[in-house]
Each structure stands twice: as C-alpha cells, then as structure tokens.
Amino acid sequence: RFKERITAKLSSALASATSHLAWSLGVTDDKSELGESKDIFAPRYEFEFGDGTARWRSRCEADIDSSRDSISHCVMHKLQSLTALCEVPDAAKAYRPGISRLLKRLLAKRETIISGLGVKRSLLPLGNGIEAWMSELSVGSGNFDVQV
C-alpha cells in the first residue's frame, strides 16, 4: 500500500515538474500568454524579484545580471533544461511541436544570432566544414568567441 501511494505522489510530482519545465521553455501549446516573448528561445530563464517589481529574465544576450551570470552560463542552463525535458518519458512526444520549433532555431543558417540565446553557429577558419557555437564575450560587446 505504501509503495502505491509513494509511486502516485512521485508520478504526480514528475508530471508537475515536466509541465513547469515545458512552460518555462515556451514549448506548450498556449502561445498567447507569451506575448512579445514568443520568438525568444526558452523565454523564461530566471525569475527576478525585488524592489517591488517581479519579472522573468528571458534573453541571454541582453537580460542577464553580469555580477552573477554570463551569456554562456545562461545558454547552458537553457539547453540543459531542453535536454532534461526531452529525457522525461513521453515528454518529447507530448511537446513535440514546441521542441521542434526550438531545435529548428538551433539549426538556423550559420551566423544567425538565436534570439534568447545570443549565440550563433560559425565555420571555424581551420579544417573543412568544422562549426562551433559562438557567443559574445560580454553583453553588447559585439565580440564573439567560441564556447566550449
């Protein structure tokens, strides 16, 4: 009896966490609530509150606190969140259209900066056809470097 109760509670917790993760990545069916953020990769990165205001940070390329975060750190968090969602059994199937939309953005043309991530794929000058992800060294600098 205990095993059945705890299994039900853990399953419910996993479903709730999966739903929240999908919502924060913006891959749910309801795009109306995203408003202007609908074209941002994973629009809900970090919830900022204080000084009487509350808002979601959304863009790695412009909306981070450089005293405690970096563009590459933000990008890694967003990509790890997408990976975690895809590893939940049946989640990739349930959120397929939204996940596919995010993956298409990652596979956009080279040198296209992905809104919300602030990274781009570029050909490296060495080798033949070797690509790497590049991001700005600091917000708004315009100086891109390879992210490893």
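This one's a predicted model, so the numbers in the text were calculated from it and none came from an experiment.

The rules behind these values
Residues numbered from 1 in each chain as written. Predicted model: local features only at pLDDT ≥ 70, side-chain atom pairs only at ≥ 80, totals over all residues. Heavy atoms only, no water. Axes fitted to C-alpha atoms, helices over the stretch in contact; angles between N-to-C directions. Helix = DSSP H or I, 4+ residues; strand = E, 2+ residues; numbered from the N terminus. Parallel < 35°, antiparallel > 145°, perpendicular 65-115°, else oblique. Left-handed = near helix turned anticlockwise from the far one by under 90°. Contact = heavy atoms within 4.5 Å. Nonpolar A, V, L, I, M, F, W, Y, C, P; charged D, E, K, R; others polar. Pairing = 2+ DSSP bridges. pLDDT = per-residue confidence, 0-100. Disulfide = S-S within 2.5 Å. Buried < 20%, exposed > 50% of the residue type's maximum accessible area, 1.4 Å probe, protein only.

K.L.:
Help me get a handle on the packing of helix H2 (residues 71-87) against helix H4 (residues 96-106), residues and values and all.
P.N.:
Interhelical geometry of H2 versus H4 gives an angle of 140 degrees and a closest axis separation of 12 Å. One way to sum up the angle between H2 and H4 is to call them oblique. Note on packing geometry: the crossing formed by H2 with H4 is left-handed. For the pair H2 and H4, the contacting residues are Leu79, Leu82, Leu85 and Cys86 in the first and Ile99, Leu102, Leu103 and Leu106 in the second. In terms of residue class, the contact of H2 with H4 is built from 8 nonpolar, no polar and no charged.

K.L.:
How would you summarise the sheet that holds strand E5 (residues 144-146) if you had to cite specific residues and measurements?
P.N.:
On the basis of which strands lie adjacent, the open sheet formed by 3 strands has the order E3-E4-E5 and antiparallel pairing. Taken across any chain shown, the strands that pair with only one partner, and hence form the sheet edges, are strand E3 (119-123) and E5. Put simply, the sheet's adjacent strands are angled 40 degrees from each other on average, direction ignored. Of the strand pairs in this sheet, E3 and strand E4 (residues 131-136) are connected by 5 bridges, and their pairing is antiparallel. Bridge assignment links lysine 120 to a residue of E4, and that residue is methionine 134.

K.L.:
Give a detailed account of unusual backbone geometry, specifying residues and quantitative values.
P.N.:
Of note in the backbone geometry, alanine 42 takes a positive phi value of approximately 50 degrees without being a glycine. With respect to the helices and strands, the residue alanine 42 is situated in the loop between helix H1 (2-25) and strand E1 (46-50). Even without a glycine there, the phi angle at glutamate 111 is positive, about 70 degrees. One can find glutamate 111 in the loop between H4 and E3.

K.L.:
Tell me about the confidence of the model for the protein chain, and name the residues and values.
P.N.:
Should pLDDT be low for a region, the predicted coordinates there are not to be read in detail. On average, the protein chain scores 85 in pLDDT, and the residues at 70 or more come to 93%. Summarising per-element confidence for the protein chain, the mean pLDDT is lowest in E5 (82) and highest in helix H3 (residues 91-94) (94).

K.L.:
Report on the state of the cysteines, specifying residues and quantitative values.
P.N.:
A complete count under the given rule lists 1 disulfide for this structure. Here cysteine 60 engages in a disulfide with cysteine 74; their sulfurs sit 2.0 Å apart. Measuring the twist about the S-S bond at about -75 degrees, one finds the cysteine 60-cysteine 74 disulfide to be left-handed. In this pair, cysteine 60 is assigned in the loop between strand E2 (53-57) and H2 and cysteine 74 in helix H2, connecting sequence segments 14 residues apart. Here cysteine 60 matches cysteine 74 in class, with each residue buried. Cysteine 60 supplies the cysteine sulfur nearest to cysteine 86, a cysteine that is in no disulfide, at a spacing of 17 Å.

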